[in-house]
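# Architecture and fold: a report
The residues making up each chain are set out below.
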Amino acid sequence: MTIDLCKRCRIFIGPCESSIFIRDCEDIKVVAACQQFRTRNVKGLDAMLLSVSQPSIEETSDARFGCFIFYYAELQHQMLRARLSPFNNRWSEPYNFTPAAGWVELLPIGTAYTELLSPLSLASPDRLRPSEEASVPMQCPVPVTHGTRARIATALDRCFLLFMPRCAPHALRWTRAFLNSNSQDAFLLLRSREYSEVRPEFCRTLLAQSGQRQARAALIEEISRGRLIGLELAGVNCFSKMTRLVANWNAEVGNGPAAAAYTSLSAKETEYMVSVFFESDDSGIEHA
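Residues numbered from 1 in each chain as written. Predicted model: local features only at pLDDT ≥ 70, side-chain atom pairs only at ≥ 80, totals over all residues. Heavy atoms only, no water.

### Re the environment of S121
How we decide: Only runs of H or I of at least four residues qualify as helices and only runs of E of at least two qualify as strands under DSSP, and these elements are numbered from the N terminus. Accessible area is worked out with a 1.4 Å probe on protein chains only. A residue is then buried under 20% of its type maximum, exposed over 50%, and partly exposed in between. Residues are treated as being in contact if the distance between any of their heavy atoms lies within 4.5 Å. We define a polar contact as two N or O atoms separated by no more than 3.5 Å, with the added condition that, inside protein, one atom must be a possible hydrogen donor and the other a possible acceptor, whereas residues neighbouring each other in sequence contribute only through side-chain atom pairs.
Take S121: it is sitting in helix 2 (residues 120–123). Residue classification places S121 among the buried positions, given a relative accessible area of 7%. Along the primary structure S121 and S131 are separated by 10 residues, whereas in three dimensions their C-alpha atoms are 8.3 Å apart. Apart from residues no more than four positions distant in its own chain, S121 is found in contact with L128, R129, P130 and E133. Within the structure, the side chain of S121 is placed 2.7 Å from the side chain of E133, a separation counted as a polar contact.

In structure tokens, the structure reads:
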């Protein structure tokens, strides 16, 4: 999809299997889900994105990005048809080809989509009833990520969570449950990623500093089976709380200790696994 020569426009774009390119525009506000997001010669842009690849920015000024937040009943099915994983969202990692033209900022945490667009319940009440508007963040099929800025801005502990291939279908439901919790067990989701295939050598590297040494071989075999989802999380007492959640998930699926999920057990292990999973140049893995 290409958007050209628009000024003072507010745009929602449903799941797009390929790219969105905004060119020669001014004062644009966008909520969009796509494989790739690009801009060129744009002045004044607010965008809440699901973007599988890094947003590509060129000759763009006064731009601010935030995480995709939107909901209507058909959205999740449309994302599946467009082959967009809710866990593959690099909105907070824009690549600016021309920083001299203007830098990119991130929207404040907690920004509502209604600060960019008219409420869907008003614009299209057949898609969303007014009584449902307040629940949009909780119903949104894309988990809200905060980016690495939250790691720097908070003094919270961090942990790394892996959803095993057998339980990938449960991952979104479980993630939304603990992120939307109003209790002290709530977490901040910093980054997430899903891979459709992982190589055994990558699995061995990822678990090289595992705190569960006796179960390492079984874990490596399990995560080599297919889809792998990883989350970098922050929270108070996150190691003990996530260990309890993993135990509950294992009991729910009833397939043994490696069936549901694995969580890091220390700050050192977290730092290592985050580095391998998100930042390795040669990970030997493919995106979903």
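Back to the text.
### Considerations on the confidence of the model for the protein chain
What counts is decided by this rule: Per-residue confidence from the predictor is reported as pLDDT, which spans 0 to 100.
When pLDDT is averaged along the protein chain, the result is 87; 90% of the residues meet or exceed 70. Long-range and interchain partners of residues 282–288, a stretch whose pLDDT sits below 50, account for 19 contacts in this model, where long-range means more than four residues apart.

### Points about the nonpolar core
As a rule of thumb, soluble globular proteins bury nonpolar side chains together. What counts here: Throughout this description, the term nonpolar core refers to a set of buried Ala, Val, Leu, Ile, Met, Phe, Trp, Tyr and Cys residues connected via side-chain atoms within 4.5 Å.
By size, the foremost hydrophobic cluster in this structure holds 24 residues, and its most contacted members are L161, F163, F178, L231, L233, M242 and W249. With near-sequence residues (within four places) excluded, L231 lies in contact with F87, C159, F160, L161, F163, T175, F178, L189, R191 and S192.

### Remarks on the packing of aromatic side chains
As a reminder, the rule being used: The pairing test for Phe, Tyr and Trp rings, Trp by its six-membered ring, is centres within 6.5 Å, and the orientation test on the planes gives stacked under 30 degrees, edge-to-face over 60, and tilted for anything in between. Consider the ring centre and the ring normal. A charge sits over the ring if Lys NZ or Arg CZ is within 6 Å of that centre and within 35 degrees of that normal.
Under the counting rule described, the total for this entry stands at 15 aromatic pairs. Taken together, a centroid distance of 5.0 Å and an interplanar angle of 70° make the contact between Y195 and F277 edge-to-face. One end of the pair, Y195, is in strand 7 (residues 188–198); the other, F277, is in helix 9 (residues 267–279), and 82 residues separate them in sequence. The exposure class of F277 is buried, given its relative accessible area of 1%. Ring pairing ties together the aromatic residues F163, W174, F178, F187 and W249, which thus form one cluster. The residue whose ring lies beneath R38 is F21, and the NZ or CZ to ring-centre distance is 4.0 Å.

### Focus: the pairing of strand 7
Under the convention used in this document: One requirement defines pairing of two strands: DSSP has to find at least two bridges between them.
Of all 11 residues that make up strand 7, 8 are buried, and the element is covered over most of its length. Pairing of strand 7 with strand 8 (residues 228–235) involves 7 bridges; the strand directions are antiparallel. Across the sheet, residue E194 finds its bridge partner in strand 8, namely I229.

### Concerning the packing of helix 5 (residues 168–179) against helix 8 (residues 238–253)
When two helices pack together, their arrangement is given by the angle between their axes and by how far apart the axes lie. Definition in use: An axis is simply a line fitted to the C-alpha atoms; with a helix, the fit covers only the stretch in contact. Between two such axes, the angle follows the N-to-C directions and lies from 0 to 180 degrees. Any angle that is under 35 degrees is reported as roughly parallel, and any over 145 degrees as roughly antiparallel; angles of 65 to 115 degrees are reported as roughly perpendicular and all others as oblique. Put simply, a crossing is left-handed when the front helix is turned counterclockwise from the back one by less than a right angle, and right-handed when it is turned clockwise. As a working rule, the residues Ala, Val, Leu, Ile, Met, Phe, Trp, Tyr, Cys and Pro are called nonpolar, Asp, Glu, Lys and Arg charged, and the rest polar, with Gly in that last group.
Two numbers describe how helix 5 lies on helix 8: the axes approach to 13 Å, and their chain directions differ by 140°. It follows that helix 5 is oblique to helix 8 by the angle criterion. Between helix 5 and helix 8 lies a crossing of right-handed hand. Where helix 5 approaches helix 8, its residues H170, R173, W174 and F178 are matched on the opposing element by M242, L245, W249, E252 and V253. Considering only residue class, the contact of helix 5 with helix 8 consists of 6 nonpolar, 1 polar and 2 charged.

### Description of helix 5
At 3.6 residues per turn, the α-helix brings residues three or four places apart onto the same side. The following threshold applies: Here a helix's expected span is defined as the number of its residues, less one, multiplied by 1.5 Å.
In this model, helix 5 (12 residues) spans 17 Å end to end at C-alpha, consistent with the 16 Å of a helix rising 1.5 Å per residue. If you check which residues of helix 5 are buried, you get A168, A171, L172, W174, T175, R176, F178 and L179. Looking at the buried side of helix 5, the elements it contacts are helix 1 (75–81), helix 3 (136–139), strand 6 (157–163), strand 7, strand 8 and helix 8.

### Side note on the environment of C159
Within the element layout of this structure, C159 appears in strand 6. Separated by 79 residues in sequence, C159 and C238 have C-alpha atoms that sit 6.4 Å apart. Look past the residues within four positions of C159 in its chain and what remains in contact with it is F187, L231, E232, L233, C238, F239, M242, T263, S264 and T270.

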